[in-house]
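Close look at the chain arrangement
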Amino acid sequence: MDDTLKETALALQGEWGIQMPDSLSEEAILQLLADRVVVFLERGAETFYQLMYRLDISEKKLNAVLQDADVPGKIARLIFDRQMQKVKSRHENKMAPPVDDSELKW
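Now for a look at the structure at hand. From a predicted model like this one, the values you see are computed outputs, not experimental measurements.

Another point: the nonpolar core. Counting 27 residues, the largest nonpolar core has Trp16, Met52, Ile75 and Ile79 as the members making the most contacts within it. Of all the elements in the fold, those that place two or more residues in this core are helix H1 (3–16), helix H2 (26–43), helix H3 (45–54), helix H4 (59–65) and helix H5 (71–92). The element that contributes the greatest number of residues to this core is H5, accounting for seven residues. Non-local contacts of Ile79, meaning those with residues more than four positions away in its chain, are made with Leu12, Trp16, Leu33, Val37, Met52, Leu55 and Ile57.

For the rest of this paragraph, the subject is the packing of H2 against H3. Where H2 contacts H3, the axes come no closer than 5 Å and their chain directions differ by 130°. The angle between the axes of H2 and H3 places the two elements in the oblique class. Judged by residue contacts, Val37, Phe40 and Leu41 of H2 engage Thr47, Phe48 and Leu51 from H3. Residue classes in the contact of H2 with H3 are distributed as five nonpolar, one polar and no charged.

Topologically, Gln83 is positioned in helix H5. Since its relative accessible area comes to 3%, Gln83 is described here as buried. Not counting chain neighbours up to four residues away, the residues in contact with Gln83 comprise Thr8, Ala11, Leu12, Glu15 and Arg90.

Conventions used here
- Starting afresh in each chain, residues are numbered from 1 along the sequence in its written order.
- Owing to the predicted nature of the model, reporting of local features is limited to residues with pLDDT of at least 70; listing and counting of side-chain atom pairs is limited to 80 or more, with chain, interface and lining totals taken over all residues.
- Side-chain metrics in this entry use all non-hydrogen atoms of the structure; hydrogen atoms and water are not considered.
- Residues belong to one nonpolar core when they are buried, are Ala, Val, Leu, Ile, Met, Phe, Trp, Tyr or Cys, and are joined through side-chain atoms within 4.5 Å.
- Per-residue accessibility, obtained with a 1.4 Å probe over protein chains only, is compared with the maximum for each type, and a residue is labelled buried under 20%, exposed over 50%, and partly exposed between these values.
- We count a stretch as a helix when DSSP gives it H or I for four or more residues in a row; a strand needs E for two or more, and each element gets its number in order from the N terminus.
- Contacts are assigned to residue pairs that have any heavy atoms within 4.5 Å of one another.
- Axes here mean lines fitted to C-alpha atoms, for a helix over just the part in contact, with angles spanning 0 to 180 degrees between N-to-C directions.
- Oblique is the label for any angle not covered by the other classes, which are roughly parallel (under 35 degrees), roughly antiparallel (over 145) and roughly perpendicular (65 to 115).
- In this classification, Asp, Glu, Lys and Arg are treated as charged, Ala, Val, Leu, Ile, Met, Phe, Trp, Tyr, Cys and Pro as nonpolar, and every other residue, Gly included, as polar.

Dropping the structure here:
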């Protein structure tokens, strides 16, 4: 499993309470996440929409997949893609380690 996928799985595990084995594929993560989405959908719309807002899932994208077949699977894909985007963004925006500026001191 590559590092980005592993970090995404760990983040989803923490946020969604999903137990993931070490050797996990994207498809398996999506299935576990879709199963968890069903639970949240059953709890009620308010809880579900609050979670989507917290995850910064676009309302436009969410409304589009609510009209499709396999709603839990499509929502799982939106959540997974958003989490991957966050992980990649963190990697790209990591600050460089501080430069040793001892030579610049007066």
